[in-house]
Amino acid sequence: MTQRLVLASNNAGKLREFGQILGALGFELHAQDEFGVPEAEEPFATFVENALTKARHAARLTGLPALADDSGVCVDALGGAPGVWSARYAGEPKSDAANSARLIADLAAHADKSAYYYCVLVYVRHADDPQPVIADGVWAGEIIEAARGEHGFGYDPHFWLPALGKTAAELSPLEKNTHSHRGQALRALVAKLENTLKTTLT
Ligand code: IMP
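A brief structural summary.

Rules used in this analysis
Residues numbered from 1 in each chain as written. Predicted model: local features only at pLDDT ≥ 70, side-chain atom pairs only at ≥ 80, totals over all residues. Heavy atoms only, no water. Pairing = 2+ DSSP bridges. Helix = DSSP H or I, 4+ residues; strand = E, 2+ residues; numbered from the N terminus. Contact = heavy atoms within 4.5 Å. Axes fitted to C-alpha atoms, helices over the stretch in contact; angles between N-to-C directions. Salt bridge = Lys/Arg side-chain N within 4 Å of Asp/Glu carboxyl O. Near = heavy atom within 4 Å. Polar contact = N/O pair within 3.5 Å; in protein donor to acceptor, adjacent residues only side chain to side chain. Areas by Shrake-Rupley, 256 points an atom, 1.4 Å probe, with all protein chains shown as cover.

## Observations concerning the sheet that holds strand 2 (residues 27–31)
Right, so step 1: With respect to topology, seven strands assemble into an open sheet ordered 2-1-3-4-5-6-7, the strand pairing being mixed. Each having just a single partner strand, strand 2 and strand 7 (166–167) make up the two edges of the open sheet.
Right, so step 2: In this sheet, strand 4 (residues 114–124) lies alongside strand 3 (residues 66–75) in antiparallel orientation, the contact comprising ten bridges. Across the sheet, D69 pairs through a bridge with L121, a residue of strand 4.
Right, so step 3: Along the sheet face, helix 1 (residues 12–24) touches strand 1 (3–7), strand 2, strand 3 and strand 4 and points at about 165° away from the line of strand 2.

Structure follows, in structure tokens:
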């Protein structure tokens, strides 16, 4: 039996990445715009508060269980910026190219290019769920100036992975899921969900 689940995002890249893993587990994932759900505000300074707010908003408006993520790239030399502000680092309207250009400009004077992607996932069974299931993941790399690769989204063409000798945008979707902050968070979330279910049934 499939379980319908609303993803509190309209980002096609995320829908694709989550859909691959959750589809195999029997979840039927729907983007929130299929139900006419507008994007929730993300005003908070922590990833987890933003994700929880988005999950509750989507669950409230659809009546379905909801999954939300909040993620970003955190650059060590910039004190963790752009962090929770990654999607709009270069202002409105949101632009991956403008965000990457600003990040590279901000980092130009710094020798340390180390960075990491962070992702937190929040699953709520319903809008007022008092026990949201929360998992996170971290993926370390370096920011490079020259864009490489055609896959992924956001900062991926500039996110260099020394151990793989590629940028995140040079990885196939499957390879990216294997390594990424989002893939790690999702596997941790699935393990928690399975555990929760077992505990409930025994
Ligand atoms: P969110 O939609 O509020 O979670 O914003 C996340 C932002 O962080 C995205 O718009 C991207 O700019 C950046 N980001 C998060 N994950 C990734 C990734 O896997 N690749 C590239 N950029 C990412």
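## Quick notes on the pattern of salt bridges
Right, so step 1: Considering all chains together, one arrives at twelve salt bridges under this definition.
Right, so step 2: One salt bridge connects K94 with E39, and the closest N-O pair in it is separated by 4.0 Å. One end of the pair, K94, is in the loop between strand 3 and helix 3 (96–107); the other, E39, is in the loop between strand 2 and helix 2 (47–62), with 55 residues separating them in the sequence.
Right, so step 3: Across the pair E42 and K54 runs a salt bridge, and its minimum N-O distance is 3.5 Å. You can see E42 sitting in the loop between strand 2 and helix 2 and its partner K54 sitting in helix 2, a full twelve residues away along the chain.

## Considerations on the site of the ligand
Right, so step 1: Around the ligand, a shell composed of 16 residues is seen, among which K14, E42, D156, K176 and R182 lie nearest.
Right, so step 2: In this structure, a nitrogen atom belonging to the ligand sits 2.7 Å away from a side-chain N or O atom of D156.
Right, so step 3: For the ligand, the protein covers 93% of the area, taking 490 Å² as the surface of the free molecule.
Right, so step 4: Of all the secondary-structure elements, those providing two or more residues to the shell around the ligand are strand 3 and helix 5 (181–201).
Right, so step 5: Per-element accounting of the shell around the ligand gives the leading share, three residues, to strand 3.

So far we have only geometry, and geometry alone does not tell us how the molecule works.
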